[in-house]
Amino acid sequence: MYLLKLLLRNAFRHKLRTSLTILSITIAILAFGLLRTFINAWYAGAEASSASRLVTRNAISLIFPLPLAYKDKIRQIDGVRLVAGGRWFAGIYIDEKNFFANYAIDAKNYLALYPEFTFPPDQKAAFLADRRGCCAGRKLIEKYRWKIGDIITLKGTLYPGTWGFVLRGIYDGRDASTDERLFFFHWDYLNESLKKIGSSRTDQMGWYVVEVQDPNRAAEVAQAIDRTFKNSLAETLTETERAFFLSFVSMAGAIIVAIQLVSFVVIIIIIAVTANTMAMTARERIGEYAVFKTLGYRGWRIAGMIIGESLVITMIGCLFGIALTPPAAKVFSKIVGTYFRAFQVDMATIYIDIGTAMLVGLFAAIVPTWRAVKIRIADGLRRIG
Amino acid sequence: MKRKAPLVKIEHVHKSYHRGAHTIPVLEDISLAIAEGEFLALMGPSGSGKSTLLNLIAALDQVDSGTIRVGGIDITSLSESELAAWRAVNVGFIFQFYNLIPVLTAFENVELPLLLTGLSRGERREHVEIALQVVNLASRMDHYPAQLSGGEQQRVAIARAIVTDPVMLVADEPTGDLDKVSATEVLDLMERLNSDSRKTIVMVTHDPRSAERAKVIRHLEKGFLNNVPSQAAP
C-alpha cells in the first residue's frame, strides 16, 4: 500500500509530462486496439463459418459458374445432407457507393443451411412464397431505412437491366459475428428472367453450399464431390466454409501484413515515449535513489520503484485506451458502413492491450532501472544540490 | 584501567578517483580511531577528502586499500547487499541539502528507514512520533518538505537519521544550507543527541563555528590527516 502510494505520487510529480505520456499511451493503445479489431473484422467471416458446411465452386475460379445439374449429383454423394446454390448478382442500389453483397439463392435450401439468419416465421414464409421477393439483414435495413413491402431496385452489372424486388423478410443474426449486411433474392427469378432474354447464362450457379451429416467427414465428402466432377467441363474445388472465407482474406494479405506492421510500429513508438519519460525521471531522481540506498534500500527495491512507476503510467494510459476503443470502434464501424460484417472489439484484443502495456512498462524501465541500481551512492549524492 | 576499544577504527586507508586515464588520489594512508560517544568534526578545505572519508566511514563508498572497522565489523569486507543491511541498522545520515523525498510528508520521510524493519504499522508510528518529538516537529508531521523551512527540513532529516536508533550519526555539512538561527538549532540538537543519547557523531564541516560544537576536531589537508586532534568543546 505504501509502495503504491509512493508510485502514484512519484508518477504525477511532473503532472504535465506524465499526462502527456499517458495521453500518448492512450492514443497508441486506442490505435493498436482499432488496428487489431480491423484485422479481426477481416477474419470475421472465417470465424463465423460452420464446420458442417462446405463450399463447392469452379476449380478454375469463382467467376466461372457451375451447372445447375451438379446440385442433384452432389446431394446423392454419401455424407451430404443438404445442398443449396447461390449466385453473385453484383447489383447496384441507386449509386455505386451504396455497396452491399447481393445474391440470387436457391432460397428454401439456402436459408435452411444458414440457421444463424433468424426470421419472423411469417416473413420467411412470405419471402419463400414470392418469386420477386427479397430479404435483407438488419444492418442493411437500418442503413437504408427499408420496410417490409418496399420495392428495392437494383441496377444490374453482370446482368444488365433494372431489377425490382419486394422486401418480404428481415433477418437478424443469431450470433454477434453473423453477417447482417446481406441481400438475397430468388435464383429462380434471375434464371427465368435470363431465359426470357435468351441468355446463355441460364441454369448456372456460382457455387453450392453443402451441409455434411458429420463434420468429422467434411474432408472426405469434399474429396468425393471433387472426384465426382473430375474430368468434366467444370471441375470443382470443394473446401470448408472457413477455408473458402480465408481464401478471400488471403487476397488482402498484403494489406493485413501492412496493418500488422503498423501495429508493431505503434508499440515501438509507445515504448520510446515511455522510455524517454522514465529515463528523464530516473535521471532527475538519481540523487533520491542514492538516498534510498543510503538508508539501506537494496537494488531490487529501487528497481521496484522505477518499474512500478513505469507500469503505473503505462497501465493508466492502457485503461484509458481500452475504455475509448469500443466507442471509437462504433464510430469507425458507422464510417465504414456495411463493408465489414462485424467491427467489434473482442476480449482477446483487450487482453493483448493489457499485455502489451505491461511489456511496454517493463521495457521502458529497463535502462533507467539499470542506471539507478548500478550508480554508486557517492556519485548519486553528488548530483543533489 | 583498560581502555575501551574505539567504535570506528580506520587503518591505512587509501582512496583515489579515476577521471578517464587519470588517477586522482584523495585519501593517503589515513588511520583514525573514533571512540564510542565521540562528537568528531572533520575539517579541511574543499577537495581535501573530508566528505570522501565520511562516505567511507558510513559505508557509502569503498576503499582502495586499508580497513575500516565499525563496532568490530570490518565493513570493507562486506558485500553491497550486506552493507545495505548494515547501514540500515547502524548509521543515521544527515546531509547538507536534507535529501528528503518531496512527495512524502515529514512523517512518511521519517518512516522510510523503518519500512526495512519488521516493525508493525503501529510500532512504526510510535517510533516516528518519538523521533519527531525529539526534533520538536511533532506538530508538523503531515507537512510536505516544501511546506517546511530549511531548518525544519534538516530537523526532519535528523529525525529520519535517529528513528532506527543507530550507533552512529554521520553528517555532511549539516548547516551548510541553513541560516544562522536554524544552524544553531540543528547544532544544539546534534549536541543534545551526543550528550544525552550518547550518539557517536562524525560531522564534516568547513565552518569553524560548527566545528567548535564537536568534542574533537581533525583536519584533512590534500588527502592527509593531521596527526594532532584539536579538543574543541570543553
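Every value quoted in this text rests on a predicted model; they were computed, and no experiment measured them. (Residues numbered from 1 in each chain as written. Chains lettered and ligands numbered in written order. Predicted model: local features only at pLDDT ≥ 70, side-chain atom pairs only at ≥ 80, totals over all residues. Heavy atoms only, no water.)

(A) Looking closely at the overall build of chain A. Looking only at helices and strands, chain A features 15 helices and 12 strands. For a compact globule of 385 residues, the expected C-alpha radius of gyration is about 21 Å, and chain A comes in at 29 Å, more than 25% above that figure. Counting only C-alpha atoms, chain A reaches 95 × 45 × 35 Å along its principal axes. Counting only residues that meet the buried cut, chain A has 51% of its 385 residues in that class. If you take every contact in chain A between residues at least 6 apart in sequence, the share linking residues at least 24 apart comes to 80%. For chain A, the exposed surface amounts to about 18400 Å²; the carbon and sulfur share of it is 62%. (Helix = DSSP H or I, 4+ residues; strand = E, 2+ residues; numbered from the N terminus. Rg over C-alpha atoms; globule rule 2.2 N^0.38 Å. Buried < 20%, exposed > 50% of the residue type's maximum accessible area, 1.4 Å probe, protein only. Contact = heavy atoms within 4.5 Å. Areas by Shrake-Rupley, 256 points an atom, 1.4 Å probe, with all protein chains shown as cover.)

(B) Looking closely at the packing of helix 11 (residues 253-284) of chain A against helix 13 (residues 299-336) of chain A. Residues and elements named next belong to chain A. Helix 13 packs onto helix 11 with a crossing angle of 140 degrees between their chain directions and a minimal axis gap of 11 Å. Put simply, helix 11 runs oblique to helix 13. Here helix 11 and helix 13 pass one another in a crossing that is right-handed. Residues Thr274, Met278 and Thr281 of helix 11 pack against Ile306, Glu309, Ser310, Ile313 and Thr314 of helix 13. Per-class residue counts for the contact of helix 11 with helix 13 are 3 nonpolar, 4 polar and 1 charged. (Axes fitted to C-alpha atoms, helices over the stretch in contact; angles between N-to-C directions. Parallel < 35°, antiparallel > 145°, perpendicular 65-115°, else oblique. Left-handed = near helix turned anticlockwise from the far one by under 90°. Nonpolar A, V, L, I, M, F, W, Y, C, P; charged D, E, K, R; others polar.)

(C) Quick look at the environment of A:Leu362. Residue and element names in this part refer to chain A. With respect to the element layout, Leu362 can be found in helix 14 (residues 347-374). Classification of Leu362 as partly exposed rests on a relative accessible area of 39%. Sequence-distant contacts of Leu362, defined by excluding residues within four places in its chain, comprise Ile307 and Leu311.

(D) Focus on the pattern of salt bridges. Residues and elements named next belong to chain A. Inspection of every chain in the model, using the stated rule, returns 32 salt bridges over all chains. Residue Arg53 is joined to Glu241 by a salt bridge in which the shortest nitrogen-to-oxygen separation is 3.0 Å. Here Glu241 lies in helix 10 (residues 241-251) and Arg53 lies in strand 1 (residues 53-58), a separation of 188 residues in the sequence. Here Arg53 matches Glu241 in class, with each residue buried. (Salt bridge = Lys/Arg side-chain N within 4 Å of Asp/Glu carboxyl O.)

(E) Up close: the interface of chain B and chain A. Counting residues at the interface gives 27 residues for chain B, matched by 23 residues for chain A. Carbon and sulfur atoms make up 62% of the surface buried where chain B meets chain A, a total of about 2300 Å² over both sides. On the surface where chain B and chain A come into contact, there are 3 salt bridges. In this structure, the salt-bridge partner of A:Arg376 is B:Asp61, at a minimum N-O distance of 2.5 Å. Of all the secondary structure elements, the ones that give two or more residues to the side of chain B that touches chain A are strand 1 (8-19), helix 2 (80-90) and helix 3 (106-111) of chain B. Of the residues assigned to the side of chain B that touches chain A, the class counts are 17 nonpolar, 4 polar and 6 charged. (Buried area = accessible area lost by both parts, 1.4 Å probe.)

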